[in-house]
Amino acid sequence: MSTSVFSVISRFLDEYVSSTPNKLKVVDAYLLYILLTGALQFLYCLLVGTFPFNSFLSGFISCVGAFILGVCLRIQINPQNKGDFLSISPERAFADFLFAHTVLHVVVINFIG
Amino acid sequence: MALNGMLGLFLLTVALGAQALTPSHHLSAADVARLKSFLNQPYTELESAYYTIVGLSKLGASVSDEKAACQFLKSHLDLSSIDSLFFAAEASQALSGCEIPVSNETRDLLLAAVSEDSTVTQIHRSVSALSSLGLPVASQEVVSALVARITKEDNVLAIIQVLQTASRLSQQAEMGGILEEIEDLAARLDDLGGVYLQFEEGLEATALFVTAAYALSDHVDMEPPLKEDQVIQLVSSIFSKKSWDSLSEAFSVASAAAAFSSNRFHIPVMVSSQGPATVSHRQPVLQLQITDVLSQPLNSVSVQLDSAHALASKSVVLSQEPFTQRDGIFELNFMASQPASGYYQFSVTVTGDSRLVANHVELKVKVSTEVSITNMDLSVVDKDQSIGTKTTRVEYPSKAKTSFTADSHQNFAMSFQLVDVNSGGELTPHQTFVRLHNQKTGQEVVFVAEPDNKNVYKFELDTAERKSEFDSISGTYALYLIVGDATLENPVLWNVADVVLKFLDEEAPSVIQSKTLYVPKPEIKHLFREPEKKPPTVVSSTFTALVLSPLLLLLILWVRLGANISNFSFSPSSVLFHLGHAAMLGLMYIYWTHLDMFQTLKYLAISGSFTFLVGNRMLAQKAVKRLGSK
């Protein structure tokens, strides 16, 4: 049982390293960074309480929002998904990503106190 | 006997049914003195001298120095002015031994003023001057001139002067038309609330109207067409003002007062009691004063009590009883009919002169008495009635020799009777209170003693039931009985006994606080909001570093992956795009530190649209490059 899980994971990792284009790996690294930041913020909140609750929320929402936008970007620029996004070129996806981030940042800064 | 009763009843109905109006105001002796002193002002000119001299003479007084007054009149007389002649002539008539010299020119001047072309005032003044100076007046000419003027000047003051002029003419003149004016003028009076009757022109006009109407009516010996109620209302109006604004107003009030007190037809009469209208055994006689509007006593009248009935029971106590006159005061010994204490309504009639107006009066009279407390019995009763009661009798005003003890198993009881000293009957006064006063703590509790159906007052104190009123504080309480009423001459505050009350000790408050309501209360200290507990700085700093560490990891990964900026084309649009984007991120930081949302949105709109335009260009170039290289 454990061997099948382990083998699935190692297989997955191999395939990932070999067949994913570099561009996507860059985005994946960014997503991992966002994930870790969010998780650490959540851990801090669990440890010391929610005193400036608004600050915690804005930081956490920032991470969650950025992660979601990053995922959207990754989906849209993946050449394998080109069929699903015929009218959206990678440049367009990036522009959308930037615009959505601007809105997210305005909200987060407003809320951070 | 029955006939007397019926007659009494009939008269009672008549008296009550008439409910005659009585004047609400008149001039008391103090008011008359004030009026006289107000009129007695030093002369400034002929008109004010006229008001002073003639006004005082109407009130029956005279100026202090008649010679000086006469001299003043002569020196200020202007022989060419009708007004001046009028004032001087009238005033000189009021002074004794003052003669104004008259010449033919003066007479001609005055006679010439009597015509249709002069104003009513001029006609009035010239006729009055002629009459006062003893010169002949052509009455018929005057009447025709006045009648002609009435049609042209029909305001109230002009018609009043017409009436006054007519009263100086000969009695043979045809004055029918002028007499009708009295009734017309009376119709113009305003009724205020059924109490006052006056002209809208004011008090002075009303007073002058009264003077003129009675002067003319007396002159022609015809009763003025004024109803009794109207006369009473006029009296109320004219004498309602007790301080006067001007000499002319004071003069008009004095003239009206003189008219009301000595005309041939209507004499309003004032009935008032001497002192408070109270009778008792010590003061059994009700004394009434009968005066006219100037508070001068009317001695040639007789006063009769039509009926006196008790207000509470409406039963007639006395009827058809005359008052006896003594030194100008009318007296009646009411206590002779042995009335019970309380309030009575007296219906009094003043007769003796057919001119009397407002001579039926209703008076409220109080009969007071003295109370005595009898059969005061105090006892301590056990609740379960197993131990017999011991009753102690206490005589007023002494105090019980021993104190009474009552604890929660016993009741303290008190019973007494209140008796009218003079009649022996039972009384139920308005206030019968039992007050218990704790001398040590200053606490007092008051209860009401109620009579039973035999008019025996009973008070019972259930110690257990009433403990909340006493705050369960045990101790010695002084017991007082308070009896009071408006008709009692001797209210009672009697310390009857001392009562020791025992409450269950555990219920008593530990600190016996005197019930002080009005001392400063403890200060309320405002508690500011405590800041929330923050974690220690070490923890926060550690976590700040931890949260920033994934950034390091990201950079390492990117380098590992080979991400680079070697493809960066230094085209203007891409440079500008990056600058614009950096500006937007910088704006975020400034928003966090300095700005508010509106300013940020404004700057964001500017930089955002710029960045969008150049970014669009840059991405288009990239797309072209990508498609070209494919």
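Look up: the structure comes first, before these words.
Keep in mind it's a predicted model, so treat the numbers as computed, not measured.

## Side note on the overall build of chain A
- Tallying secondary structure elements over chain A gives four helices and zero strands in all.
- Helices and strands in chain A line up, N terminus first, as α-α-α-α.
- Pairs at least 24 residues apart make up 69% of the contacts formed inside chain A by residues separated by at least 6 positions.
- Accessible surface for chain A amounts to roughly 6,900 Å². Of this, 72% is attributable to carbon and sulfur atoms.

## What to know about the environment of threonine 324 of chain B
- Topologically, threonine 324 of chain B is positioned in strand S9 (residues 324-326).
- Beyond its immediate sequence surroundings of up to four residues, threonine 324 of chain B is in contact with Ile329, Phe330 and Glu331 of chain B.

## A few points about the sheet that holds strand S7 (residues 302-310) of chain B
Residues and elements named next belong to chain B.
- In space, the five strands of this open sheet follow the order S5-S13-S11-S7-S8, with mixed pairing throughout. Strands at the two margins of the open sheet, each flanked by one partner only, are strand S5 (278-279) and strand S8 (316-322).
- The sheet contact formed by S5 and strand S13 (residues 360-367) spans two bridges and is parallel. Opposite valine 279, over in S13, you have valine 367 as the bridge partner.

## Points about the pattern of salt bridges
All names here are of chain B.
- Evaluated as defined, the whole model comprises 23 salt bridges over all chains.
- Of the charged contacts, one joins glutamate 523 and lysine 525 as a salt bridge, the two residues approaching to 3.7 Å between their closest N and O atoms.
- For glutamate 523, a relative accessible area of 66% corresponds to the exposed category.
- Salt bridges sharing partners connect three or more residues here, namely Asp31, Arg34 and Lys242.

## Details of a negative patch on the surface
- On the surface, Asp190, Asp191, Glu200 and Glu201 of chain B cluster together into a negatively charged patch.
- Residue position: glutamate 201 of chain B is located in the loop between strand S2 (196-198) and helix H11 (203-220).

The rules behind the values
Here, residues in each chain are numbered from 1, in the same order as that chain's written sequence. The lettering of chains begins at A and the numbering of ligands begins at 1, in the order of writing. Confidence filtering applies because this is a predicted model: local features only for residues at pLDDT of at least 70, side-chain atom pairs given and counted only at 80 or more, and all residues used for totals across whole chains, interfaces and linings. Side-chain metrics rest on all non-hydrogen atoms present in the structure, leaving aside hydrogens and water. By definition, any uninterrupted DSSP run of H or I lasting at least four residues is a helix, any uninterrupted run of E lasting at least two residues is a strand, and each is numbered from the N terminus. Any two residues having at least one pair of non-hydrogen atoms within 4.5 Å are treated as being in contact. Shrake-Rupley sampling with a 1.4 Å probe provides the accessible areas, and residues are treated as covered by the protein chains on show and by no other component. In this description, strands pair whenever DSSP reports at least two bridges between them. Should a side-chain nitrogen of Lys or Arg be within 4 Å of a carboxyl oxygen of Asp or Glu, the pair is scored as a salt bridge. Using a 1.4 Å probe on the protein chains alone, a residue whose accessible area is under 20% of its type maximum counts as buried, one over 50% counts as exposed, and one in between counts as partly exposed. Patches draw on residues past 30% relative accessible area with no salt bridge. Two like charges within 9 Å are joined, as are two nonpolar side chains (Val, Leu, Ile, Met, Phe, Trp, Tyr) within 5 Å. Charge convention: Lys and Arg are scored as positive, Asp and Glu as negative, and His as well as the terminal groups of each chain are ignored. Throughout, a charge is located at the NZ atom of Lys, the CZ atom of Arg, the CG atom of Asp or the CD atom of Glu.

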